[in-house]
Each structure stands twice: as C-alpha cells, then as structure tokens.
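Spelled out, the chains give:
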Amino acid sequence: EEPAEAPAETEAASSEPDAPAELTGTVTISGSTSVEKVGVALAEEFMALNSGVEVTYQGIGSSGGVKNAKDGTTIIGTASRNLKTEEKEWGLTEIELAYDGIAVIAHPDNGVEGLTMDQVKAIYIGEITNWSQVGGADAEIVVVSREDGSGTRGAFEEIVDFEDALKEGALIAEGNGNVQTTVAGNPLAIGYVSFTYINETVKPLLVDGVAPTVENVVSKEYGVSRPFMMVWMEENMTEASQAFVDFAMSPEGQDIVEEKGAIKAK
Amino acid sequence: MSRAIKDKLMYGIIGLSSAVTVGLLLWIIGFVFLNGFKLIDLDFLTSDFDSKTQYVSVKTMEDYSTDGNKLGINLELEEYEGNQYYVVKSIDDGSPARFAIVKGGEKYPVKVGDFIKKVGSENLENYSPSEVNSIINGMEEDIMTVKVTRPGEGILPMLVTTLEIILISLLVACPIGIFGAIYLTEYAKQGRLVKIIRFATESLAGIPSIIYGLFGMIFFVTLLKFDYSILSGALTLSIILLPVIIRQTEESLKAVPDSYREGSLGLGATKLQTIRKVVLPNAISGIIVAVILSIGRIVGESAALLLTAGTVAHIPKTVFNSGATLTVKAYTVAKEAGDIEMACAIGTVVIIMILILNALSKMITLVFNKSE
Amino acid sequence: MNKNTKFSVKDLDLYYGDFQALKKINIEMEKNEITALIGPSGCGKSTFIRTLNRMNDEIDGVRVEGKIELDEQDIYGDIDIIKLRSRVGMVFQKPNPFPMSIYDNVAYGPRAHGIKKKSILDELVEKSLKNAAIWDEVKDRLNKSALSVSGGQQQRICIARALAVEPEVLLMDEPTSALDPIATLKIEDLAVKLKEDYTIIMVTHNMQQAARISDKTAFFLMGELIEFDNTENIFSNPKNQKTEDYITGRFG
Amino acid sequence: MNKNTKFSVKDLDLYYGDFQALKKINIEMEKNEITALIGPSGCGKSTFIRTLNRMNDEIDGVRVEGKIELDEQDIYGDIDIIKLRSRVGMVFQKPNPFPMSIYDNVAYGPRAHGIKKKSILDELVEKSLKNAAIWDEVKDRLNKSALSVSGGQQQRICIARALAVEPEVLLMDEPTSALDPIATLKIEDLAVKLKEDYTIIMVTHNMQQAARISDKTAFFLMGELIEFDNTENIFSNPKNQKTEDYITGRFG
Amino acid sequence: MEMTNIKSGFNKWRTDSTDRPKDPKMKANKKRDFMEYIIEKMFLLNACVAVISVTAIALFVFYKGLQPFFAANHEGTYSLVDFLTGVEWRPNDDVSKAIYGIFYMIIGSLLATGGAIIIGLPIGLLTAVFISEIAPKPLKMVVKPAVELLAGIPSVIYGVFGLGVIVPKLMVISPQNKGQSLLAVIMVLAVMILPTVITISESAINTVPKSYKEGSLGLGASKIQTIFGVVIPAAKSGIMAGVVLGIGRAIGETMAVMLVAGNPIAGIPTSIWDPIRPLTTNIAMEMGYAFGLHQEMLFSTGVVLFVFIIILNLIMNRITTREGE
Ligand SMILES: Nc1ncnc2c1ncn2[C@@H]1O[C@H](COP(=O)(O)OP(=O)(O)OP(=O)(O)O)[C@@H](O)[C@H]1O
Ligand SMILES: Nc1ncnc2c1ncn2[C@@H]1O[C@H](COP(=O)(O)OP(=O)(O)OP(=O)(O)O)[C@@H](O)[C@H]1O
Ligand SMILES: [Mg+2]
Ligand SMILES: [Mg+2]
Ligand SMILES: O=P([O-])([O-])[O-]
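Just so you know, the residues in each chain are numbered from 1, in the order the chain's sequence is written. For this description, chains carry letters from A and ligands carry numbers from 1, given in the order in which they are written. Selection of residues for local features in this predicted model requires a pLDDT of at least 70, selection of side-chain atom pairs for listing and counting requires 80 or more, and totals for whole chains, interfaces and linings are taken over all residues. Computation of side-chain values covers all heavy atoms of the structure but excludes hydrogens and water.

All names here are of chain A. Bridge count for strand E4 (residues 93-106) against strand E11 (residues 225-232) is eight bridges, and the pairing is antiparallel. Following the sheet pairing, Asp100 is matched in E11 by Arg226. Two strands are counted as paired when DSSP detects at least two bridges linking them. Helical segments are the DSSP runs of H or I of at least four residues, strand segments are the runs of E of at least two, and each set is numbered from the N terminus. The pairing of E4 with strand E12 (residues 263-264) spans two bridges and is classified as antiparallel. In the strand pairing of E12, Ala98 is matched with Lys264.

Here is the structure:
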C-alpha cells in the first residue's frame, strides 16, 4: 500500500468539470442503430464522469426503442426519425439529440457515382432494375433495405417518397451495419445508411449531384436527413437518466455527437 | 461379379457421405478458428467489450527522465476509429500511473494500450508528439487528472453473463426436471396423466426456440416486468431445458436395473429409501450428463435469449440487468457490424466450451461405468 | 389348518390386466420346510412367489383376489407392506447385489429399518454372512464392491443381505439358475441348513434340485396348481398325468 | 476320414479377445445325419456351431486357430464366405423372420444371389415352404408379414428361408427353445425328414430332444468337447463321468 | 459353519430399536406413509410443470395469434384468408394500410426445409450406416465425436459460416448476384440437420436386432445387401423419426437462416436464387418493436409455426406407435 500516492477524493472529483453529485443506478436505453454509435459514446463518457452509474444501449431499431420507452422495458428510447402519429399519442417526452444524414451507398467498384432522387425512388419501387438504366454496367440491381421498424427506413421512404411501396424481393438487412456489410460484399447492391456508418468499404453516392456530407446537410443542400430523437415516459425517469439526458444535450455531449459523425442539435 | 461391384460402389458412396460430414465439420471449425484465432488472447478473455473511459488521479513524480514525463508513461500517436489518440506504449518502473485511482479511491492502474485523451484540462490530440511531454511537464499540479480510455474488444461481460444464465437456468430447471423424471419413472402408473405429461415434454422439445422467445418476451419481459434481463432469459431457458433434462434423467433412471429396486423393496426398504439409496446413486452419472448437455444447449441458444435477455455487453450487476451471452453477441456482431472476425473469435470460444462439455460428459460416463 | 402352517393361500387369483396368471391357487406352506415350486416357463411360479411378499404390488395393473395368510394374518388386509417384507425376505434368480461394498449390502436392510449404531451393524453383518456361509470368503474384503466377487458368492451375499433383516420366510426365485454347478451345490447346502430356522419357498427349473432338497413340491401349469405333495410322492408317484409328463421331460 | 464326412474339425481353438471359448476341438460330422450338441449354458455350443459358417467373423476380436474342412476344403482358407454361407445355412434360437412378407423372406436369399426372375423365385419359394412343412399353412397369405404368424410357424419359415438358397448343411442353434411343445414336435419331425437331403447340426438344451432325434451327440463343457459318440451310447452308456453327471441332471 | 444361535444374535437389535421390523401385527405406519405420500405428490407437481409450461405457451401464442381474426379485437382485425394466402408483408401503424400476408413465407419455409432434407437425409443416413455398420473402430472414434460436435455447434455459428462462406461463394455463381437466397438457406439447414438425422438413424439402426443381420448374412447375403435389404427397412420407422425431427429443427431454425435468407417483404420464391423470408425470421426480426395488431400478427405467424410443429409431433407419434405395434 502506498498511502502517500492516494490523492484526496475531493480533488479528484472537483478537478472534473460539472461533475454532478454522486449518482447511482442504471440508465437503460434501446432503439435506433443509427443513434447507437453516438449513444454508446455518450454513455462511455457519462459513465466516466459518474462511476456509480451504468448506461446500457441496445440497438434494435427505432420503433423498438420508442415502444420500449413506452412500456418501460428500457427507460429511454431512441429513434432516428420523428415520432409517428400513433406514437405521439403515447404521451412520451421527446427531445432532439442530433441530426443525421442518410447516405445512399453502393459497392466501391460500382461505376455509378450519383443518382437523382427520382432514380433512387424508381430503383426502390422496382421501376428501375438494371444498373445500365442509370448509367452503370448491364447488371441487375440488388436492392437492400432496412427492416420494418427502422427509423432510417421510415425517414428514407418518407423523404424519397415511396412509403409502403418498397419493391418485392428487396433484401432486408437488420441494422445499419448489416446494410453496410451487405453492400460492401455485393458489387451490384444499393443501400442506404446513417452517415455515422459510412466508411471506405462502401461508396456514398451523390444524390441530385450533392455529396452526402455533414456540411451539405447543415446547408440543407443534401435533402436526405432526419433527426435523432430521445424519448421517455416521465414516470419512468430516474435521477440518473435525467442526468444522462442533460449531459447529452450539454456542450460536451454535443461535441461527442459531432465527433461521431452526426450533426449537433444546437 | 456384379454384386461385388455394386457392393464396392455402395461402400464408396457411404464412405464419401461420411467424408462429407466430417469435411463439413472441419470446414466450419477451420473457418471459425482461422478467422477467430488471431483475436484470442488473455486480454480477449478478460477485457470489457465496450471501451471504458475513466478520469483518474495520478500523483506526479519529480525525477523523470529528460525524454519522459511527470507521469512516467510513454505515449505514441495512433489512429483508432478514424481519430488520432495517444496510446500508452510503456510505463516506467516507478511511474505513479501504476497507482492511479478513480474518484472514490478505487485503484485504477494505467495499462499499456490505454488511450490517454486528456491530462488536466488539455486535450492531448491537439498537440504533436514532440509537444506532448512538455505540455504535461509544464503543468503545476501535484496531482493530475488523466482521462484514460481502455479499449474493449474483449468478451469478459459475455462470459460472466453466460455463466450467470447457466447457473440460474440450471437452478430452476434441474430440480423440476429431475424430480419430474423421478415421478415419471418411479411412481407414475401408465395412465392418462403420464401420457399427457409425456406428450407435453415431447411437445416442449419440438417447439422452436423462437416461440419460446416470443412467449418469454411477452410473459417475463413485459407482463411480469422483469424487462430485458438475465432473469427473463434464464427463466425462458429453463423451460427450454425441461424436456432435455426430463428425458435424459428418465433414460438414466430406466437404465438402473429393476433388480436393484426389487432387491431393496424386498428387504423392506420404503420406496423413497429405494430411490435415494439405490436408484439415484446408480443414475447419477446419467443425470450429470443431462445437466452437461443442457449447459451446451444454454451456451448455444440465441433466438430465445435475444428477445428476453437483450444484447447489452456489460458485466451484469444484478439478475435484472440485461446481458448478452457469447452466442448472442456473436450473432449481433456478425449481423450489425458484419464483423466476421469477432463473431468467429467468440465462436471459437463457444466451440471450445462445447468440446470441453462433450469431453466432460464422455469422461463422466466412462469413469462411472468403470467403477461399476 | 395345521398349527405349523406359515403361509396359507386360499383361492388366489391374479390378473395382469386382463390376463389371468394365477387361477384359484390353494396351498399351505409349513414352517421349517423347503417348499419347491416347479413347472414350465410362464406357468406362474414367479408370479405366485411374488404374491407372498406383495412384490407384485409394484407392477402396474396387477389385481389379486383371494386370501393369503401369514401366521393367520391376511397380508392383503390393512397391513404395513414394509413390515411384511421384512418378515418375508426374497432372493432373486440373478444375483443382484447393489453396486456398493459387501458390508453396505448386508447392512442395507437394517439401516433402512433405522439401525444406525455401528457396533450392532457390525455384529449383524458378521452373523448374516456367517449364516449365509460366505463369511470366511469375504471377511477380509468387506469394503470391496459386492460386484467384484463371483456369481455364486454374490448370490450368497444376497442371501446374507436378506437374512440381515431377520425374516421368518425366505422366498427364492430360481436362486441357482445363473450359477455354475459348484456354486449351485453350495447354495443348496445352505438352503437345507437354513430351513432349520426359516421357512423356505423356492422356485426352480431344475427338477433334480427340487428332488434333492425340498420337503414338499408344488407343480404349476398355466397358472394352475396341478399337484402339491411331499417331494417323494411327486417324483416317484405323481397322481396327475400332467405332473408325470412334466417330470419325465415329456414337455417343458 | 470317412468318405461320408461333411465337416471335419481339427484342433480348433477360438478366442474372444483373451478368453478362450473353444479348446482343441476335434470332431467329424457326417452327411445325412443329425448331430446334436449339448452342454450347460456358456460351454461354447453356439460359438462352435457359428465357426462352421464363419458367422463369428462378424464379431470383433474373435480369433480362430485350427482347421475346419467342408468336403475336404479348408473353410478358413482363401474362400468366398458368401458362398460358404450359401452352402451352410443357419437357423437361430429365436425365430428371426425379417419384417417383410413371407414370400419376400423366403425369396430373400435367392434374390441376394442374383435371381430376379419371378417364375424361378415363385417356384423356389413354394418348394422351400413345402420342404419346411409350412406351405399348407401359409400358401394363402404369402404377402402377409412373416411376423404375423405364430412362433412355430415363424421358425419353419426361417427354415424355408434357409432351404431356399439350397444349402448342403443346416446349422440349428436351439431352434425350438422359444417354442411350445406342439411346435417343437413339428420342428423335430421336420429335422428328421430333412436329414435325408441335408446334413444337420443342432444345438439343444433339451436332452430328451437330443435323444429323440439325433444320430450322434457331442457333449461340450467349458469350451471342451468332452465326449462325442452315437446318441444311444451317450445317453445309455456315457464313457465320461462328466457326461453322465450332466445327462442325469447332476448340474446345469 | 456355525448356525446354532441364529436368532439370539438379533436380540440386541430387538430391544435397542424402536422401529423394529419384527411386528407380528404389521400395523400400518401412518406417519411414514403420509410422508411418502407427500413426497410423491411433490414429485408429481414437478412433473406437471412441463404440462403447465406447454399449456401456457400454447394458450398464450394461440390466444394472441388468433385475436386478429375475430371481429371484436380492439387492436384491429385482419382476414384469416388474406393472412394465409397473402404474398406481401407490410406492417403499418395505420391498421387499414397494413398488409400481413404470409403465404410466401410458408412456401419459403417449406421449400427450404424440403431442400435441406433432400440434401441432408441421404448424406446423414449413409453416415449413420457408416458409423454403425461399416466403420472400423478407429474411424468410428473420429466420425462419431465429429457428429456430436456438429450437433453441439450453436446455430449462430452455422449462420456466421453461411454469411462468411456460403453467401459470398453463391454470390459468385448466382446469375443475379444474390448470395442471400433460398439456396443459401437450404445449404445451411442441410448441414444443421445432419447431426439430428445421423444420431437418430444411427440409434435406429443399432436397435435392429442382431438376429436380422445374422439371418441375412447366414443366407449368404453380402454386408451391403444386408444393410440395404434388411437393416435399413427394419430401422425405417426410427429413420423416419429422425427425418421428422430434422424437419422440426429445420423449420424452427431462426438465427442461422436469418443471416443468409435475405428476408424480403414480399414475393414467392421462383428459383433457388430468390431470397426467402422464413416464418421464424419474420418473428425474430420484428418482435422487438411490434405492438398492437402488428405484434398479434407476429403471434399469428407463431401459430402457423406451432401448427406445423403439432403436425410433425402427430406424425412422430404415429411413427412411434406404429413401431410399438
Ligand atoms: N408384468 C407382467 N405383465 C403381464 N403379464 C405378465 C407379467 N409378468 C408375467 N406375466 C405373464 O404371466 C405368466 C406367468 O409368468 P411368470 O413370470 O410367473 O412365469 P414363471 O413360471 O416364473 O416362468 P419362468 O420359469 O420363465 O420364470 C406368463 O404368461 C407371463 O407372460
Ligand atoms: N461375443 C462374445 N465376446 C466375448 N465372450 C463371448 C462372446 N460370445 C460368447 N462369449 C463367451 O463364450 C462362452 C461360450 O458362449 P456360447 O454362447 O458359445 O455358449 P453356449 O454354449 O451357446 O451357451 P447357451 O446355452 O447359454 O447359449 C461363454 O462363456 C460366453 O460368455
Ligand atoms: Mg420366473
Ligand atoms: Mg447358445
Ligand atoms: O436503426 P434505425 O436507426 O434505422 O432505426
């Protein structure tokens, strides 16, 4: 034992900016896979600041998160889209955590660099089925979409305007990561993912000639974007959960949001 | 002679089929091991899955070497998930970083491989490698606050969760299954009730685990408000295990010769005495094998657990915490991140566990058979 | 009824479900005698002997009608089966020692009846093994598994085990059929000696054996008791043609 | 060697792993005779009879030494086992008809040997069933399962099945021990009839049976051939004390 | 041999012991009998838990799953015919817009299962023959544990294997560049049912009485003739049981097929290259967030699955009772 090495407890605590008073408990979060990277990073930092609190995040899709928040299965739900009319009736408290773009992606070897919004729609409803119809090689397009409860899919269908008209036979991948790996593994595939998931294994396509970048979303030039929401029922809220929400909306929290590739809410 | 040729041909086809079976196994195992092996080391088994960040307090030291710093740690810039961070490359012998503590006084020694993101209020990423040491050494405080991020990529939480779920499900299912089997073999007359019970256990065995998941999710998670938790998962699994345990236990009870029972009853022992002193001791190896088999089933289960225990990769503090077992995690990393390597690394661990369980049950049977 | 009568069986019928395995059996078996039961396979010998300590109760769907009296008490009345079975011991066709030590085998019965004191158990085990004429052969390895000795020795251990609960009657169902000739002779000698203190009822396939050691012989055929008499009479001068056919090897 | 000798066995030893089940057996068995093999359980009768068509080859760890000649040809030499077995047919203790129709049972052997033509098969089946004295009882239900008839009929179907491959020798391992007395008598009569055309070697537990139907009797004890002689001599005037002890029921 | 004082030796016991076995009256021991009775009932209670569980699960699934087809359901209703014959699955919070047709999933599940059996059964059966009849001991000691290990590997790992190996390989040879397809599912399932088919066939073959084999060999039939002429026909019902269990495993498999099936929202598969959406994955994918009518429709999917399993169980019962006869 080295008693001399032990600094005073108060010093350790006070050296930390805005350290809240001793919090304990578990903050359970579930929902959007698009929000997952942001959420996990926020959780990690929050736990570092509050060693008595455990924050867990389960990425199961936006609808799942909203429903779990309503049921109290997890305290907080996240969604990568606005609440639907029906969900709005549940009496959830909602807060916009961030904004995010949805990128249309293809295999890096694909010759097509960009599509118009109409082409994207035509591909997803099955009117265009061959890459040659959009300036690519003569090969069938393999359309990859998200599962039904996905916020990304909900937002994408709404923005591209083909609600409830996804073509038959489109591959359904669960989660952003799954779409990304499916497209990365198939030279003929097209898919869409949250900006936070883009990496060098896939090629983001220009939409109407605009590149999918944060700047273009902020400047409203890139149209395919949506909010990241956090929702909860007030009666389930704990002190720690409230502290987490507050932290997420604080400047430090918003820095983390930006660091992970999403767009600050404020 | 055509018979001889036909026979040869059939031998060939039979041999080929067996070769295909064994070949498939080798292929699968080979695929899993080759992809997974490079990730597996002691750290893999003992680290968290998510990276973990802590603010620690470190007392500075005065006599640091000229190219070192007050904290006694040597840092290098490395890229991680698209960002540049300083990583601890080595720690000096007398470094105070070895005695770092977190708020609350708990020890949290800095380790090689940790990311140091902040010292005091300075973000280290903002400085070049040549500046870093002088920035640190330029600070006045005797005690510095250091932001340490320890990378995860380990499976410790899943190991713990898996063990917990094994423990609880066995705790619930074993007594029920074993006692139930005792009733069926030792007491029940071959009447309607036995037929119903037998039909029920057989049906239970045939229900796909996704249906158990469906049930468990609505019943344990939502209705009983256990939420996504180890408990919900374990209870769902205990139902899955019941038929496995009942059937296996019944088999091993039936294997006890009736002559033992008659011998005991003929001496005026009661039924319970007979069961306790003669039947169970002779069936015990089979019952243990049943338990081992059910452990295998727990380790392998995914669909039912996904819907009841959730996917959180933290070491569970209580049974009401959500937790992913190894197999569930292998699924989620394959599915969501498309991280085949990680899935295979976890798969390797799982396959090794199954191998051990298989060998164990073989050994138990052998040892017990020999002693008889 | 003779005052020496141990078991008295009156109009005994036994059914396995719909199948009648014993038909109106009437027989009295006496103290300190060996009663041999003979008859072709499936004639009901085992079934009969197992009614005497109610071992058939353990089998599903068995129905017993009629009366069996042990010392004039109806054993199918409101009695404690456990106590009945400790008065009427049983030895089986295949030696069936439990897979435990010789000592534990013999002490099993007394322990089941609540005897815990080591000194009493020791004494009981020794007495029983001596009375079963096996003590000298196993006294140095009482802690060895009972399965490690030969079949004949196992059978005598089983007899010792039965003796240890101090029964009054010993039922033996073909006790020597799994044994070699020498072991068989040992068990036969033992039976003859034991009858001084016990009532012995023994099923046997081996007619020579019945002739050699029993006092009375009962001949069963298809669930019926065809003839019951002194052994001498049965073998030298059977009254029933079927008995004669059987003992001269005309069938079976 | 007698010119009528069918099987000639010289210094035959057989081991199951380390255990020697047959010890220096020397015996000659003749054409058109019934040779009975008797002896207590476990003495090696089945083991011996199974060496004659190399059925023991199917058991792991069996080692055979010595010589067995069938018509002066060493059957453990470089011969085709399949052919040997079609010359030396076998009937087992428990009737073992295959779970298929009576017709298919009897036609099984010929089919295995490549006969496909329906007319030939029909003829063979009828002939074999007739020879096995079962034709009249089953001719109207050749397409019924062979398991649907009585045990004695099953055994005769098995004999017909063996006859259908037109063997020269019939090995029978306790062919009647699972049968009732009437069925037993039928099989015995059949055996006596068949010996006109075949060589029959039969294991039996029933000494009366051996005495009734066999020409020669071999007495085995613990793997050894103790005595082999005309059946009359064995039963009326055995040379060996052990034989006498056995046939007078002193043991076994 | 001393035999004289056989009775006196026990005198000590008689006086020391309270519960003497010697009791000429043999009066019933009420207390002990009651204890035995209680314990027996406790065992019975445990045995009944299995019954309770099945009943609870079945009731639960059927109750929730049949709701949508009754007019009084407050979550909304759906036509049973449309449900069973529909070829599109488009859940929607707006009940009037939602489409829940599972016919294409039923077809997908059945095709996948059938295909897996067609591939897996012969290989499995012949491997079982190899293990039980042909393999020399050392080889048997390799193949048997291999099969056991194959049985123990979690389905997720099969799925990962399918995703990592089978899907990319199929992508190369598929005319439409789709790796995730009916064929991929069939291949993964065929491997997965192998151990089931093998172990059950093997034990069925092992229970064929030796006398059949000896009978056949004794007639001069060769080993192969014996195996295919007598052994396999005699083991038929056991092998059928293996097939039925294999079907059960295939039709109920979830996680492995989810990774390789493609899971489209509509469309009856018309070729082995088309993606399918098996019933199980339909449940697994959407259960996490479904509520209201949508959730009930997932239970309805469960009901269909359940019905398949019940049919299989009945077939199984048939097989085993026929065997018993
Ligand atoms: N548990 C049972 N259920 C139905 N029938 C039975 C049962 N036990 C015996 N039997 C039948 O009752 C009859 C008498 O059987 P038992 O065992 O008493 O004959 P046994 O004389 O002892 O024959 P063995 O000499 O072969 O031992 C037989 O027909 C037998 O098939
Ligand atoms: N497969 C085997 N492996 C090892 N030992 C065996 C095997 N088969 C038989 N034996 C042993 O060989 C000896 C002779 O057996 P066999 O079956 O030939 O006797 P048997 O005379 O036919 O007896 P039974 O009249 O009971 O049929 C016995 O001691 C038996 O235990
Ligand atoms: Mg009997
Ligand atoms: Mg034999
Ligand atoms: O996972 P989602 O963000 O698409 O709901």
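Residues and elements named next belong to chain C. Definition of nearness: a residue and a molecule or strand are near each other if at least one heavy atom of the residue lies within 4 Å of the molecule or strand. Around ligand 1 lies a shell of 13 residues, among which Ser41, Gly42, Lys45, Ser46 and Thr47 are the nearest. Counted as a polar contact is a pair of N or O atoms within 3.5 Å, where, for protein atoms, one must be capable of donating a hydrogen and the other of accepting one, and residues adjacent in sequence contribute only when both atoms are in side chains. Within the side chain of Ser41, a nitrogen or oxygen atom sits 2.5 Å from an oxygen atom of ligand 1. With respect to ligand 1, the backbone of Gly42 contributes an N or O atom lying 2.7 Å from an oxygen atom. Methods summary: accessible areas were calculated by the Shrake-Rupley approach with a probe of 1.4 Å, and residue burial reflects only the protein chains presented. For ligand 1, the protein covers 62% of the area, taking 630 Å² as the surface of the free molecule. For the shell around ligand 1, the elements supplying multiple residues, two or more each, are strand E2 (19-30) and helix H1 (45-51).

Take the arrangement of the chains next. Only heavy atoms enter the contact rule, under which two residues are in contact if any of them lie within 4.5 Å. With eight pairs of chains in contact overall, the greatest share of contacts is found between chains B and E. Contact between chain A and chain C is absent, and the minimum C-alpha spacing across the pair is 51 Å. The two partners chain A and chain D share no contact, and the minimum distance between any of their C-alpha atoms is 50 Å.

What follows covers the domain arrangement of chain B. An automatic or database domain assignment provides the domain bounds reported here. Domain parsing of chain B yields domain 1 (3-39), domain 2 (51-150) and domain 3 (156-371). For domain 2 of chain B and domain 3 of chain B, the distance between their C-alpha centroids amounts to 48 Å.

For the rest of this paragraph, the subject is the interface of chain C and chain B. Contacts between the two partners involve 27 residues from chain C, matched on the other side by 21 residues from chain B. Counting the surface chain C buries against chain B, the share from its top three residues, C:Asp60, C:Pro99 and C:Tyr108, is 28%. Salt-bridge detection follows one rule: a side-chain nitrogen of Lys or Arg within 4 Å of a carboxyl oxygen of Asp or Glu. Between chain C and chain B we count two salt bridges in total. As a salt-bridge pair, B:Glu262 and C:Arg50 come within 2.6 Å of each other at their nearest N and O atoms. At the level of elements, helix H2 (81-87), strand E6 (88-91), helix H3 (102-112) and helix H6 (151-163) of chain C are the ones that each hand at least two residues to the side of chain C that touches chain B. For the side of chain C that touches chain B, the leading source of residues is H3(C), giving four residues. Each residue gets one label: Ala, Val, Leu, Ile, Met, Phe, Trp, Tyr, Cys and Pro are nonpolar, Asp, Glu, Lys and Arg are charged, and the others, such as Gly, are polar. Looking at the side of chain C that touches chain B residue by residue, the classes come out as 14 nonpolar, six polar and seven charged. When two components associate, each loses some accessible surface as probed by a 1.4 Å sphere; the sum of these losses over both components is called the buried area.

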